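Examining the three-dimensional arrangement
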Amino acid sequence: MCGITGYIGFREAYPVIINGLQRLEYRGYDSAGIMLYDGNQIQLAKTKGKVSNLVEIAKSDISTSGVVGIGHTRWATHGVPNDVNSHPHLSQSGNLVIVHNGIIENYDAIKKELITRGYTFKSDTDTEVLVNLIEEIKTKENVKLGKAVQIALNQVVGAYAIAVFDKEKPDEIVVAKLGSPIAIGVGKDFKEFFIASDASPFIEYTKDAIYLEDEEMAIIKKGREVNVRKIKSDKLVDSNIQELQLNLEQIEKGGYEHFMLKEIHEQPRAITDTFRGRLLRDEGIIKMAGVEDNMKKFLNANRIIIVACGTSWHAGLVAEYIFEEFARIPVEVEYASEFRYRNPVITEKDVVIAISQSGETADTLAAIKLAKKRGAFVFGVCNVVGSSIARETHAGAYTHAGPEIGVASTKAFTTQITVLSLMALRLARAKGTMSSSDYRMHLQELELIPRKVEQLLNVDGHVKEIAKEYLLSTNCLYLGRGYNFPVALEGALKLKEISYIHAEGYPAAEMKHGPIALIDDRMPVIVIATSKGHYEKVVSNIQEIKSRKGKIIAVVTEGDTTVKEIADHTIEIPEVEEAFSPLLTTIPLQLLSYHIAVMRNCNVDQPRNLAKSVTVE
Ligand code: F6R
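Residues numbered from 1 in each chain as written. Predicted model: local features only at pLDDT ≥ 70, side-chain atom pairs only at ≥ 80, totals over all residues. Heavy atoms only, no water.

**Here's the deal with the site of the ligand**
- The environment of the ligand is formed by 15 residues, the closest being Ser-312, Ser-356, Ser-358, Thr-361 and Glu-497.
- Gln-357 has a polar backbone atom sitting 2.7 Å from an oxygen atom of the ligand.
- Between the ligand and Thr-361, the relevant distance is 2.4 Å, taken from an oxygen atom to a side-chain nitrogen or oxygen of the residue.
- Against a free-state accessible area of 400 Å², the protein chains account for coverage of 89% of the ligand.
- For the shell around the ligand, the secondary-structure elements that each account for two or more residues are helix 10 (310-327) and helix 17 (485-499).
- The residue makeup of the shell around the ligand, split by class, is 5 nonpolar, 8 polar and 2 charged.
- There are two domains that each give the shell around the ligand at least three residues, and those are domain 2 (256-434) and domain 3 (456-602). (Near = heavy atom within 4 Å. Polar contact = N/O pair within 3.5 Å; in protein donor to acceptor, adjacent residues only side chain to side chain. Areas by Shrake-Rupley, 256 points an atom, 1.4 Å probe, with all protein chains shown as cover. Helix = DSSP H or I, 4+ residues; strand = E, 2+ residues; numbered from the N terminus. Nonpolar A, V, L, I, M, F, W, Y, C, P; charged D, E, K, R; others polar. Domains from an automatic or database assignment.)

Rendered as structure tokens:
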């Protein structure tokens, strides 16, 4: 969480940094701040709230000229979101300035020590402690900024991506990384550099980027190559410049009112991109390099353990049904945050699949490290190319959904399920647990999904009408069975996170073990009742809700007549093979949450208290 950005070069730094912060707001939006050096003085503006608030304040409070600066958008960890706790933070002398994404765990002990040496602190943040520790080392050891940062980082415990500026050395910015991401955009002939938590802030300026690895730092100077070194050993490492695949269009709203709506509508394209080069229907094969290269590991696995958080965990639950059904491999799905702390039994015969859109989720990353330590083979399913999880896993498959900027995950979910379905099918074929005719049939079915999603998106207007009736609800129940039980969980998560309506997802049959007590004429119940998935049983559940006066919104297969007669509203999805139905049933639930949230005037793309990339545990 938190986004950091910076610029050093020949352009005015202010618009570059502000624009960059706006693109990084998905990482946190509790407060924002900027430091510019105008060639003479440090100009600092920071405020609680969004980057737009910062822009207002900066207009009157600072001179916005200068060709070097750093900025920050915050998701609060230490200290409430207020102006003082906002970044950048100044050192006691006022010469050093820092922005930080991460947590310094031993900040309290360092702070006490610094207080005994005469330091005073204005904020409650761990970051202000770090910048003063750097200053103390710089003064006491009489070293340059880079060396002082390095010594300080060897004393701290925790996670960080930092950018540090020293007024006495205004032609350089020092950056370092452990656990939180940092990318350096390299301008032509090294005449300018961009610093950011991901490449989106500098995509229109350069396609060349260096991604720092954990425990690496760099001193960035105009006109010079970037020297990357190890923080611990001081060893220089090869600063591998990568060519970015991202383009500007992908990170703009493209005429939609919100990123979430754009991303919902991008799903046909995103799923197609996820298939590309992998699902070869004419040849009747699936080709996935990460799976082919490690086929023995998968085939000899005693079980697959899936680790993930939030929506990605829901995709893992869908995968559990698919892998067990198709490939007959036992699957366990774990919350990464629980797995990492409960001393799980893991052996070399386990395959761990880590699912993460951002590839930066701290708990998932820690679960991967634990599994690796215990000898398991770890496979990543990530969206963000080059992310920490993509690098930490032994092998993997990208989802190719393109940048997901809305905080509520949509296209990442469906493309994760797509990748996992391809994997399950490939393994089923290799294990011989699926006949070749079934295999071909499934390939054909899967290939039709983008077209069906496209067709399904036409329900948008109908779903919007339904949303109008339920926008004042305070509670909602989501029910589904089999493959669609995880979709019920996901539907409930989407509603609560963007509309702040309390919602619960349940396997439909569990309703009578408790939740049924909640049903009355004010309780909307969203039921997934597709024709092939335990249909009659779900219809009985719908009857039970109806006889208790619950309001029923049912997702049914086109042509359904039975549920239509009982439910208050029905939303039709195209006919689909049951195992792939989550790729369709989830779409109307995304749209329903979206419209309810918009009608409730909620900030759909940046819901309160949340951040897109959860890099703290
Ligand atoms: C919900 C949502 C979160 C994420 C979770 C994991 O819409 O986006 O629940 O799914 O924080 O994030 P990743 O997939 O980046 O590891």
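That was the structure; now back to the text.
**Considerations on the nonpolar core**
- In this structure, Phe-323, Ile-353, Phe-379, Met-423 and Tyr-478 are the most contacted members of the largest nonpolar core, which totals 92 residues.
- It is helix 14 (residues 411-431) that contributes the most residues to this core, 10 residues altogether.
- Of the residues that make up this core, three or more belong to each of domain 2 (256-434) and domain 3 (456-602).
- Counting 28 residues, the second-largest nonpolar core is a separate cluster that includes Tyr-7, Ile-34, Phe-194 and Phe-202. (Core = buried A, V, L, I, M, F, W, Y, C linked by side-chain atoms within 4.5 Å. Buried < 20%, exposed > 50% of the residue type's maximum accessible area, 1.4 Å probe, protein only.)

**Some points on the packing of aromatic side chains**
- As enumerated under the stated definition, the model contains 10 aromatic pairs in all.
- On the basis of an interplanar angle of 85 degrees and a centroid distance of 5.8 Å, the ring pair of Phe-298 and Phe-377 is categorised as edge-to-face. In this pair, Phe-298 sits in helix 9 (residues 295-299) while Phe-377 sits in strand 21 (residues 377-382), placing the two residues 79 residues apart along the sequence.
- Among the aromatic residues, ring-to-ring pairing joins Tyr-7, Phe-194, Phe-202 and Tyr-205 into one connected group.
- Note that Lys-50 overlies the ring of Tyr-29, its terminal NZ or CZ placed 4.4 Å from the centroid. (Phe/Tyr/Trp six-rings, centres within 6.5 Å; stacked < 30°, edge-to-face > 60°. Lys NZ or Arg CZ within 6 Å of the ring centre and 35° of its normal.)

**Considering the sheet that holds strand 14 (residues 236-237)**
- Taken in spatial order, the 7 strands line up as 5-6-7-8-12-13-14 in an open sheet, and their pairing is antiparallel. At either end of the open sheet lies a strand with only one pairing partner, and these are strand 5 (89-90) and strand 14.
- Note that strand 6 (residues 96-104) and strand 7 (residues 158-166) share 9 bridges and pair antiparallel. Bridging across to strand 7, Asn-101 finds its partner in Ala-161.
- Here helix 4 (residues 126-141) sits on the sheet and contacts strand 5, strand 6 and strand 7; the angle it forms with strand 6, its principal contact strand, is near 125 degrees. (Pairing = 2+ DSSP bridges. Contact = heavy atoms within 4.5 Å. Axes fitted to C-alpha atoms, helices over the stretch in contact; angles between N-to-C directions.)

**What to know about helix 5 (residues 145-153)**
- Most of helix 5 sits out of view: 7 of its 9 residues are buried.
- All of the buried residues along helix 5 are Leu-145, Gly-146, Ala-148, Val-149, Gln-150, Ala-152 and Leu-153.
- On its buried side, helix 5 packs onto strand 6, helix 4, strand 7, strand 8 (172-178), strand 12 (216-221) and strand 13 (227-230).

**Here we look at the domain arrangement of the chain**
- You can read the domains of the chain as domain 1 (3-245), domain 2 (256-434) and domain 3 (456-602).
- Tallying the contact residues gives 27 residues for domain 2 and 22 residues for domain 3.
- In total, about 2100 Å² of surface goes out of reach between domain 2 and domain 3, with carbon and sulfur atoms giving 75% of it.
- Connecting domain 2 to domain 3 are 0 salt bridges.
- Between domain 2 and domain 3 we count 6 residue pairs in polar contact (both at pLDDT 80 or more) in total.
- Elements supplying a minimum of two residues to the side of domain 2 that touches domain 3: helix 6 (259-265), helix 7 (267-275), helix 10 and helix 14.
- Of the residues forming the side of domain 2 that touches domain 3, the biggest block, 10 residues, is contributed by helix 10. (Buried area = accessible area lost by both parts, 1.4 Å probe. Salt bridge = Lys/Arg side-chain N within 4 Å of Asp/Glu carboxyl O.)

**Quick look at the sheet that holds strand 20 (residues 350-356)**
- Read from one edge of the open sheet, 5 strands run 19-18-20-21-22, paired in parallel fashion. Of all strands in the sheet, those bounded by a partner on one side alone are strand 19 (331-335) and strand 22 (395-398). Each adjacent strand pair in this sheet contributes to an overall mean axis angle of 20 degrees, direction not counted.
- Summarising the sheet, strand 20 and strand 21 pair through 6 bridges and their orientation is parallel. Across the sheet, residue Ile-355 finds its bridge partner in strand 21, namely Val-381.
- Contacting strand 18 (303-308), strand 20 and strand 21, helix 12 (residues 362-373) runs over the sheet at an angle of about 165 degrees to strand 20.

**A word on the side chain of Thr-206**
- One can find Thr-206 in the loop between strand 10 (193-196) and strand 11 (208-211).
- Residue classification places Thr-206 among the buried positions, given a relative accessible area of 9%.
- At a separation of 3.0 Å, a polar atom in the side chain of Thr-206 contacts the main-chain amide nitrogen of Asp-208.
- With residues near it in sequence (within four places) discarded, Thr-206 still touches Gly-185, Val-186, Phe-194 and Leu-244.

**A word on the environment of Gln-267**
- Residue placement: Gln-267 occurs in helix 7.
- Put simply, Gln-267 and Glu-454 are 187 residues apart on the chain and 8.0 Å apart in space, counted from C-alpha to C-alpha.
- Setting aside residues up to four positions removed in sequence, Gln-267 forms contacts with Thr-410, Lys-411, Thr-414, Val-453, Ile-587 and Gln-590.
- A polar atom in the side chain of Gln-267 sits 2.8 Å from the side chain of Gln-590.

**Details of the pairing of strand 11**
- By the bridge criterion, 3 bridges tie strand 9 (residues 183-186) to strand 11 in an arrangement that is antiparallel. The residue bridging Gly-185 from the neighbouring strand is Ala-209, located in strand 11.
- Of the strand pairs in this sheet, strand 11 and strand 15 (residues 242-243) are connected by 2 bridges, and their pairing is antiparallel. Bridge pairing in strand 15 places Ala-209 opposite Gln-242.

**Quick word on the pairing of strand 27 (residues 569-573)**
- With 4 of its 5 residues buried, strand 27 lies for the most part within the structure.
- Two strands pair when backbone bridges link them, and strand 26 (residues 551-557) and strand 27 are joined in this way by 5 bridges, in the parallel orientation. Residue pairing in the sheet places Val-556 in a bridge with Glu-572 of strand 27.

**A few points about the pattern of salt bridges**
- The final tally for this structure, using the stated rule, is 37 salt bridges.
- Note that Glu-113 and Arg-117 form a salt bridge whose closest N and O atoms lie 2.7 Å from each other.
- You can call Arg-117 partly exposed: its relative accessible area is 39%.
- A salt bridge links Arg-426 to Glu-292, with the nearest nitrogen and oxygen atoms 2.6 Å apart. Taken as a pair, Arg-426 in helix 14 and Glu-292 in helix 8 (residues 289-292) lie far apart in primary sequence, 134 residues in all.
- The class for Glu-292 is partly exposed, based on a relative accessible area of 29%.
- One continuous salt-bridge network, built from bridges that share partners, spans Lys-262, Glu-266, Arg-269, Asp-273, Arg-276 and Lys-411.

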